[in-house]
Amino acid sequence: MQALIDLFWSKYGELQQAIDREDEALTASLDRELDPLLLAIFGSAESDAGSIQAQFRFALDLLNEEADDRSCVRRNAHLLQTLVERYLAPQTTCAEALGAPGGAQDQSSPIDQAVSSGILDDSLLNQLSDRILVVAPGYRILYSNETNAQRLNIPREELVGRHIGEFVGLHRFRNEFKPNLDRCFEGESTSVTYADQVGGETLVLRCRMSPFQRSSTMIGVLLVIQETADRRKRPAA
């Protein structure tokens with residue numbers, strides 16, 4: 001797997017140089033070589049933890065590398081979603097392949113149960129009233145439950161790959177979310193609480209953030225967003 005990834009980046013570097021030189025023939029030739037490599041990298045269902053981790057790292061690196069190209073973001077987000085559905089689904093075989101503890105375990109909350117051992121239980125997460133997100137390194141959305149998608153009125157598949165700053169605002173992202181997300185990427189848990197207009201009403205949103213890992217790989221940050229009425233507002237006497 002790593003050899004395929006290294007070959008891709010080598011060809012990708014040559015492609016960027018050909019584009020800079022405006023060499024259309026070489027650009028077209030290299031572009032044709034990259035598609036089969038992407039298919040080989042993402043089309044392979046691996047069983048060992050190292051190869052699975054390499055696939056996720058590659059997907060995130062590619063998403064970040066081409067973050068300025070909207071069409072590439074959509075394509076790369078789809079490829080990343082393929083890995084999420086393949087490896088982060090609640091399947092015993094995937095858990096065993098990554099060395100996750102076997103057997104059911106009692107957890108302290110439904111959310112803990114839904115993300116046990118780095119596995120996203122999509123059916124359970126979709127039953128929760130809380131808005132659930134996983135944000136990958138690079139601050140792009142890796143996963144959203146139905147509650148969050150419905151609140152934003154955006155299909156879940158269209159959320160994957162988009163920058164979290166689009167939904168919390170650039171100022172709030174830079175000053176509150178980014179520093180706290182960075183702490184989570186380093187292994188801490190934290191939270192952000194703020195008031196915002198949602199669906200025409202002012203709500204207080206408490207966003208709890210915690211590292212989301214699979215085996216020893218940092219997949220992203222788990223965001224649990226809880227909404228409450230803004231109690232700072234009082235009806236006039």
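Our subject is the structure listed above.
An account of the accompanying structure is given in this report. (Residues numbered from 1 in each chain as written. Predicted model: local features only at pLDDT ≥ 70, side-chain atom pairs only at ≥ 80, totals over all residues. Heavy atoms only, no water.)

1. Let's talk about the side chain of Thr190
(1) Moving on: The topology assignment puts Thr190 in strand E3 (residues 190–198).
(2) Moving on: Of note is the side chain of Thr190, whose polar atom sits 2.7 Å from the side chain of Asn180. (Helix = DSSP H or I, 4+ residues; strand = E, 2+ residues; numbered from the N terminus. Polar contact = N/O pair within 3.5 Å; in protein donor to acceptor, adjacent residues only side chain to side chain.)

2. Some points on the pairing of strand E5 (residues 217–229)
(1) Moving on: Relative to E5, strand E1 (residues 131–136) runs antiparallel, the two sharing five bridges. Note on E5: the bridge partner recorded for Arg131 is Ile225.
(2) Moving on: Bridge count between strand E4 (residues 201–214) and E5: 12 bridges; the pairing is antiparallel. Residue pairing for E5: Leu203 is matched across the bridge by Ala229. (Pairing = 2+ DSSP bridges.)

3. Quick look at the packing of aromatic side chains
(1) Moving on: Applying the stated criterion across every chain yields a total of nine aromatic pairs.
(2) Moving on: Ring plane angle 85° and centroid distance 5.0 Å describe the contact between Phe8 and Phe58, whose orientation is recorded as edge-to-face. Note that Phe8 is positioned in helix H1 (residues 2–20) and Phe58 in helix H3 (residues 49–65), a separation of 50 residues in sequence.
(3) Moving on: For Phe58, a relative accessible area of 2% gives the class buried.
(4) Moving on: Seen from their ring centres, Phe42 and Phe58 are 5.6 Å apart, and the 45° between their planes marks the pair as tilted. (Phe/Tyr/Trp six-rings, centres within 6.5 Å; stacked < 30°, edge-to-face > 60°. Buried < 20%, exposed > 50% of the residue type's maximum accessible area, 1.4 Å probe, protein only.)

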